[in-house]
Amino acid sequence: MIIKINNEDYKLDFGFDFLATLNALYYVKVNGVEFNNGLNMALSGLVDDDPEALVKIIMSALSTSDRKPSKVQIQDYIIQEAEEREDGLESLTKEFLEEVKKQPLLKAKVKKLFKQIAEAEAKQDN
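Model, not experiment: these values are computed from the prediction.

Caption draft 1: Focus on the packing of helix α1 (residues 16-25) against helix α3 (residues 51-61). Closest axis-to-axis distance for the α1/α3 pair is 8 Å, and the angle between their directions is 135°. Comparing the axis directions of α1 and α3 gives the class oblique. In this structure, α1 meets α3 at a crossing whose hand is right-handed. Residues D17, F18, T21, L22 and L25 of α1 form the contact with α3, whose participating residues are K56, I57, S60 and A61. Partitioning the contact of α1 with α3 into residue classes produces 5 nonpolar, 2 polar and 2 charged.

Caption draft 2: How the structure looks around the pairing of strand β3 (residues 27-30). Judged from the 4 bridges that link them, β3 and strand β4 (residues 33-36) form a sheet pairing that is antiparallel. Bridging across to β4, V28 finds its partner in F35. The antiparallel hairpin formed by β3 and β4 contains 2 residues in its connecting segment, where N31 sits at a positive phi of about 50°.

Caption draft 3: Spatial organisation of the packing of aromatic side chains. What the rule picks out here adds up to 1 aromatic pair. Centroid distance F14 to F18: 5.0 Å. Interplanar angle 80°. Geometry classified as edge-to-face. As far as burial versus exposure is concerned, F14 and F18 are alike and both buried. In this structure, K101 packs its charged tip against the face of F114, placed 5.2 Å from the ring centre.

Caption draft 4: Structural detail: the packing of helix α5 (residues 90-102) against helix α6 (residues 107-125). Packing of α5 against α6 brings their axes to within 7 Å, and their N-to-C directions diverge by 120°. When the interaxial angle is binned, α5 and α6 end up oblique. Contacts between α5 and α6 involve L97, V100 and K101 from the former and K107, V110 and F114 from the latter. Class assignment for the residues of the contact of α5 with α6 results in 4 nonpolar, no polar and 2 charged.

Cut-offs and rules
Residues numbered from 1 in each chain as written. Predicted model: local features only at pLDDT ≥ 70, side-chain atom pairs only at ≥ 80, totals over all residues. Heavy atoms only, no water. Axes fitted to C-alpha atoms, helices over the stretch in contact; angles between N-to-C directions. Helix = DSSP H or I, 4+ residues; strand = E, 2+ residues; numbered from the N terminus. Parallel < 35°, antiparallel > 145°, perpendicular 65-115°, else oblique. Left-handed = near helix turned anticlockwise from the far one by under 90°. Contact = heavy atoms within 4.5 Å. Nonpolar A, V, L, I, M, F, W, Y, C, P; charged D, E, K, R; others polar. Pairing = 2+ DSSP bridges. Phe/Tyr/Trp six-rings, centres within 6.5 Å; stacked < 30°, edge-to-face > 60°. Buried < 20%, exposed > 50% of the residue type's maximum accessible area, 1.4 Å probe, protein only. Lys NZ or Arg CZ within 6 Å of the ring centre and 35° of its normal.

No statement about biological role is implied by the geometric values presented.
Structure, rendered in structure tokens:
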């Protein structure tokens with residue numbers, strides 16, 4: 001996936017370094033043991049159209065890039081996208097979610113997470 005920030009193209013990489021960066025941001029500590037929770041939290045943020053989650057996802061996907069926009073530039077990109085789109089951030093977060101679903105390292109985890117979400121929603125409806 002390529003995004004344009006300040007008229008510069010940035011290729012997002014959703015590989016191991018992306019996961020490691022997300023896991024450094026999001027983890028659960030139970031009895032002194034840390035469990036990775038990065039992808040779960042990032043996906044939850046996309047589902048909720050959370051702009052801060054988008055910032056973290058973009059920064060994580062650029063973790064291996066030689067050149068990176070600043071956090072403020074990424075935030076400005078997200079604001080601009082929200083202003084230009086009729087639905088605010090909804091279609092942008094959907095684009096990111098669709099991209100993550102296609103990634104070889106992530107697609108099984110994404111599928112499993114959405115199955116769990118569907119099961120939880122079905123229990124709430126009953």
